[in-house]
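# Analysis of the macromolecular model
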Amino acid sequence: MTISEALHKHEAELKGLPNVVHTGIGYKDGKEIILVFVNKKIAEQQLEKKEIIPHNIEGFETDVQLEIKIG
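Structure report, in brief. (Residues numbered from 1 in each chain as written. Predicted model: local features only at pLDDT ≥ 70, side-chain atom pairs only at ≥ 80, totals over all residues. Heavy atoms only, no water.)

## Here's the deal with the nonpolar core
- In this structure, Ile3, Ala6, Leu7, Leu14, Leu17, Val20, Ile34, Val36, Val38, Ile53, Ile57 and Phe60 together form the largest nonpolar core, which totals 12 residues.
- Only helix 1 (3-15) and strand 2 (31-38) provide two or more residues apiece to this core.
- Looking at which element gives the most residues to this core, the answer is helix 1, with 4 residues.
- In this structure Leu14 touches Leu7, Val20, Thr23, Val36, Ile53, Pro54 and Ile57, once residues within four positions along its chain are discounted. (Core = buried A, V, L, I, M, F, W, Y, C linked by side-chain atoms within 4.5 Å. Buried < 20%, exposed > 50% of the residue type's maximum accessible area, 1.4 Å probe, protein only. Helix = DSSP H or I, 4+ residues; strand = E, 2+ residues; numbered from the N terminus. Contact = heavy atoms within 4.5 Å.)

Following this line, the structure appears as structure tokens:
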């Protein structure tokens, strides 16, 4: 499975999590990763288990990024 296929398969699920605004594909340490953009970062300890963004999806690492709004 490609990273695009993995993201497409899980995108609706990710967007259903608290504060998630959109997703994408990026690079970290030379590897493709799934980016999950949120409007507010919340510590995992403050979320219910079902609300936590997985650390990897279909073997691809995820990275939670704060969405930056300009203007």
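There is more to say, and it comes next.
## Concerning the side chain of His10
- Tracing the chain through its elements places His10 in helix 1.
- If we ignore the near neighbours within four places in the chain, the residues touching His10 are Ile57 and Glu58.

## Here's the deal with the sheet that holds strand 4 (residues 60-66)
- Read across the open sheet, the 4 strands follow the order 1-2-4-3; overall the sheet is mixed. Edge positions in the open sheet fall to strand 1 (20-28) and strand 3 (56-57), since each of these has one partner strand only.
- Two strands pair when backbone bridges link them, and strand 1 and strand 2 are joined in this way by 8 bridges, in the antiparallel orientation. When the sheet's bridge partners are listed, Val20 is paired in strand 2 with Val38.
- Running at roughly 155 degrees to strand 1, helix 1 makes contact with strand 1, strand 2, strand 3 and strand 4 of the sheet. (Pairing = 2+ DSSP bridges. Axes fitted to C-alpha atoms, helices over the stretch in contact; angles between N-to-C directions.)

## Quick notes on the pattern of salt bridges
- Taken as a whole, this structure holds 5 salt bridges when the rule is applied.
- Note that Glu58 and Lys9 form a salt bridge whose closest N and O atoms lie 3.1 Å from each other. A residue pair is termed long-range when its members are at least 10 positions apart, and Glu58 in the loop between strand 3 and strand 4 and Lys9 in helix 1 qualify at 49 residues.
- Judged by relative accessible area, which is 51%, Lys9 ranks as exposed.
- A salt bridge links Lys15 to Glu11, with the nearest nitrogen and oxygen atoms 3.5 Å apart. With Lys15 and Glu11 both in helix 1, this residue pair falls 4 residues apart, about one helical turn.
- You can call Lys15 partly exposed: its relative accessible area is 41%.
- Taken together, the salt bridges that share partners define one network made up of Lys28, Lys31 and Glu61. (Salt bridge = Lys/Arg side-chain N within 4 Å of Asp/Glu carboxyl O.)

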